[in-house]
Every structure is written in C-alpha cells, then in structure tokens.
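What follows is the residue order along each chain.
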Amino acid sequence: MLKKLAANHLNRSTYFCLGALVLLLLPWIVGASGGNYWVRVVDFALLYIILALGLNVVVGFAGLLDLGYIAFYALGAYSYALLASPHLPQHFETIAAALPQGMHFSPWMVAIFSMILAALFGILLGLPTLQLRGDYLAIVTLGFGEIIRIFMNNLDRPLNLTNGPKGITAIDPIQLLGISFAKPLDLGFVQIPGLYLVFYLFLILAIAVMIVCLHLQNSRIGRAWVAIREDEIAAKAMGINTRNMKLLAFAIGASFAGVAGVFFSAFQGFVSPESFTLWESIVVLAMVVLGGIGHIPGVILGAIVLAVFPEVLRGVAEPVQKALFGHVIVDVEVIRQLIYGLALILVMLYRPGGIWQKGGGK
C-alpha cells in the first residue's frame, strides 16, 4: 500500500515537472514554429482564460446568466488607458499642469484600482437583478454591457474623456521592476523577447486566478453558490443568504475581468469601444459553456480552443477557398460564427455539461 502511494506521488510529481517544463518552453516552441504572431495568439489565449474563469464564477458556480461581462473588461482597459497615456494631459490643461511629466501610473497600481472598481460595478449590476432569473437576468446584463460600450463610444464630447470611437493610443507598456515588456530582456547568455515575457506574466496571472477559483469552489462560499444554482428556494430554506452570495459572485467575477482589462490595454497599447462589443461577451460565455460549465479545467480548455481556433481558421479557410474557387466566397468571420453556433447546438444535444464536463461525463 505504501509503495503504491509513493508511486502515485512520484507520478504526480513527474507530471507536474513535465507540465511546468512544457509551459516554460511553450513560447519558444511556438515562436520557432509559427513566429511571433502565434506567440501573441497564445498570450491572448491566457487573457481569455482569466476572463472565462471570472465568468465561470458567475455563470458556472452561481448559475447567473451574465451577457454583459465584457463591460468589466472594458472598465479595466480604459482605467489603465486613461491613467497611463498622454490622452488626459493633452485634453485637460489642469492635468497637464499638475503632471508635467505626463500620466504614467504603474499597471500594478491600476490593476488593484480596477479590481475594486469592477467589483463595485459588479455589485451595482447585481443589486437590481437579485429577483431576476434566466432570460430576464440575461436581458438586464446585456443592457448593462451595451450601456458601458456606448458610454465609451460617446464620451468624447463635451469633455473628451475616452476619445470616442477613435480610441486611446500610446498607452504605456507593461513594466515590472524597471523591466519593460515592450522590448527584449538581455540576460547576457540569452535574450528573452518581450512577447515571451508577456506570456510568462499572463501565465502567472492565469494560474493565480485558477488557484483562487479552486479554493472558492471547495469553500463554503462555493458550496453556497452551487446550492443557489441548483435550487434557490431550497438554498434560502437552508439559511443561505442568497442576496449576499449573488452579489459576491458578481463582484469576484467582475474583479477578474477588471484585472484582465488592465493588462490587455498595456499589452495592446490601444483601446477602443470596438474591443468590447456584445459579441465578445458571447465568445467568453461560449468558452465557459463549450469547455465545461462550472468545471475549471473544462473552462480553461474552452478558452484555449476558442481563442486559438479563429486564427487557425483564418489561416486555413481563405487559402482553401482561393485554391478551390479562385476567390473567397464566404468571409472567415461568417464561417467562424456558423461553426460557433453549430458547436453550441451539438454540445447542448450530446454533451450538456461541456466538452470536459465535471465528473468525466458520469
């Protein structure tokens, strides 16, 4: 028995070390085989993992359908864009006089601020929706997401706060301990490209969010969310404060999106309202549903698949159509939406718990 336990422990340690080694080498492997473009795709996939895990808290754990989740992502992105770019000093003389060196707030400081801001907005969204369920809740959250996007799109007059549809440019890149992630890091014996540094940072953030979600899932709070999801009336009868638990789910899920938005803004160097449309909310929700709603490994799988798939499709669909017909007949974006719709239908019919559902489908 002891030998068997020791062997299992050894196997787990071996798999953990192999997994860590693969993740450490992944950007180098992807960069060598596909170039920086695919490393950038992998970086965005990690951001989507953070977003999907945050939405899974709301939808998967607590059973609250949120179609406006991308609004919290926008709050984080615009918070950093405004506090770490020349936009506000250029349009407001008072700010320019007070900060002659410009606004260059640390992304880490803004991440904490955005986490709190997004959590507060999550609570504000949750308060009027406490008595709503299903379709009604979805409509209200959808409206919230669109309101935030429209505000960002129109707050360029009479005071130019967001620069409207033109977006905000020249946003400071990510920095850590004086190291800029916008250029390679020279260690003497090797140079680590900026995109690879971003990968390692986003990987650490994604792992941190995953660990928090795992602890939440196995805590009293997580069990309370599951009780609310399965039967809210029974949960109330058992003494669970459903009001506070729902608000907590909205706040925690929103805070993850706020942090992801800050690093999206710093990584991209540009934000505009077009990055925060309803379609983005639907894509993140599809990651949760397709991967395995309420199941953290499944959600991570769904985020990776749906983040990488459009780029693979873009590289395949157009060349195939040109080879067969001489020109592109159906736009890649249309094909992508059709495949998403078909995938959702098939999953709902044959794997309602998702591709990697909890309990292995049992």
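Throughout, residues of each chain are indexed from 1 in the direction in which the sequence is written. Per-residue local features of the predicted model are confined to residues with pLDDT of at least 70, and side-chain atom pairs are confined, for both listing and counting, to 80 or more; whole-chain, interface and lining totals are unaffected and use all residues. Hydrogens and water molecules were not included; the side-chain quantities draw on all heavy atoms of the structure.

**Describing the nonpolar core**
Spelled out, the test is: Side-chain atoms within 4.5 Å link the members of a nonpolar core, which is a set of buried Ala, Val, Leu, Ile, Met, Phe, Trp, Tyr and Cys residues. A 1.4 Å probe rolled over the protein chains alone gives each residue an accessible area, and that area as a share of the maximum for its type sets the label: buried under 20%, exposed over 50%, partly exposed in between. In this text, helices come from DSSP runs of H or I with a minimum length of four residues, and strands from runs of E with a minimum of two, each type numbered from the N-terminal end. Contacts are residue-level and defined by heavy atoms, with any inter-residue pair within 4.5 Å sufficient.
The biggest cluster of nonpolar side chains holds 101 residues, and the ones touching the most others in it are Phe 72, Tyr 73, Phe 202 and Trp 225. Broken down by element, this core gets its largest block of residues, 17 residues, from helix H2 (residues 36–61). Not counting residues up to four positions away in its chain, the partners in contact with Tyr 73 are Leu 47, Leu 51, Ala 257, Ala 260, Gly 261, Phe 264 and Phe 276.

**What about the packing of aromatic side chains?**
As a reminder of what qualifies: The aromatic pairing rule takes the rings of Phe, Tyr and Trp, using the six-membered ring of Trp, and pairs them if the centres are within 6.5 Å, calling planes under 30 degrees apart stacked, those over 60 edge-to-face and the rest tilted. Whether a charge lies above a ring is judged from NZ of Lys or CZ of Arg, which has to be within 6 Å of the ring centre and within 35 degrees of the ring normal.
One pass over the structure, following the stated rule, counts 17 aromatic pairs. Look at Phe 264 and Phe 276: their rings are 6.0 Å apart centre to centre, the planes differ by 80°, and that puts the pair in the edge-to-face class. Linking Phe 264 in helix H11 (residues 242–268) with Phe 276 in the loop between H11 and helix H12 (278–292), this pair joins segments that are twelve residues apart in sequence. Pairwise contacts between aromatic rings join Phe 44, Tyr 73, Tyr 78, Trp 108, Phe 202, Phe 263, Phe 264, Phe 267 and Phe 276 into one cluster. The ring of Phe 267 is capped by Arg 40, whose NZ or CZ atom sits 4.6 Å from the centre of that ring.

**So, the environment of Leu 18**
Topologically, Leu 18 is positioned in helix H1 (residues 2–34). Residue class for Leu 18 comes out partly exposed when judged on its relative accessible area of 47%. For the pair formed by Leu 18 and Ile 116, sequence separation is 98 residues and the distance between their alpha carbons is 37 Å.

**Overview of a nonpolar patch on the surface**
The cut-off we apply is this: Patches here are clusters of residues that have more than 30% relative accessible area and form no salt bridge, with a 9 Å joining cutoff for like charges and a 5 Å cutoff for nonpolar side chains (Val, Leu, Ile, Met, Phe, Trp, Tyr). To measure how exposed things are, a 1.4 Å probe is used in the Shrake-Rupley method; for residues, cover is taken only from the protein chains shown. The rule for a salt bridge is simple: a side-chain nitrogen of Lys or Arg has to be within 4 Å of a carboxyl oxygen of Asp or Glu.
Taken together, the side chains of Val 312, Val 316, Val 320, Leu 324, Phe 325, Ile 329, Val 330, Val 334 and Leu 338 make up a nonpolar region of the molecular surface, amounting to roughly 810 Å² of accessible area. Ranked by the residues each element gives to the nonpolar patch, the list is headed by helix H13 (residues 296–325), at five residues. Of note, Ile 329 is situated in the loop between H13 and helix H14 (332–350).

**What to know about the environment of Phe 105**
Residue position: Phe 105 is located in the loop between helix H5 (93–98) and helix H6 (107–126). Along the sequence, Phe 105 and Leu 47 sit 58 residues apart, while their C-alpha atoms lie 21 Å from each other.

**Details of the side chain of Thr 141**
For clarity, the threshold we go by: In the analysis that follows, any N or O atom pair within 3.5 Å is treated as a polar contact, provided that within protein one partner can donate a hydrogen and the other can accept it, and provided that, for residues neighboring in sequence, both atoms belong to side chains.
Positionally, Thr 141 belongs in helix H7 (residues 134–154). For Thr 141, the side chain forms a polar contact with the main-chain oxygen of Ala 138, separated by 2.9 Å.

**Notes on the pattern of salt bridges**
Scanning all chains against the criterion turns up six salt bridges. Put simply, Glu 232 and Lys 246 hold a salt bridge, and the shortest N to O gap is 3.0 Å. Residue Glu 232 is located in helix H10 (residues 232–237), and its partner Lys 246 is located in helix H11; the two are separated by 14 residues in the primary sequence. As far as the burial class goes, Glu 232 and Lys 246 line up, both buried. Glu 333 is paired through a salt bridge with Arg 336; the nearest N and O atoms lie 2.7 Å apart. Of this pair, Glu 333 and Arg 336 are both found in helix H14, three residues apart, which corresponds to roughly one turn of the helix.

**Concerning unusual backbone geometry**
A negative phi angle characterises most non-glycine residues, just as the trans form characterises most peptide bonds. Here the amide bond leading from Arg 157 into Pro 158 is cis, since omega sits at -5°, within 30 degrees of zero. Tracing the backbone shows Pro 158 in the loop between H7 and strand E1 (175–176). Here Asn 163, not a glycine, exhibits a phi torsion of approximately 65°, which is positive. By secondary structure assignment, the location of Asn 163 is in the loop between H7 and E1. With a phi close to 55°, Leu 177 is a non-glycine residue in the positive phi region. Turning to its location among the elements, Leu 177 is positioned in the loop between E1 and strand E2 (179–180).

**Thoughts on the environment of Gly 292**
With respect to the element layout, Gly 292 can be found in helix H12. Setting aside anything within four residues of it in sequence, one finds Gly 292 in contact with Gly 298, Val 299, Gly 353, Gly 354, Ile 355 and Trp 356.

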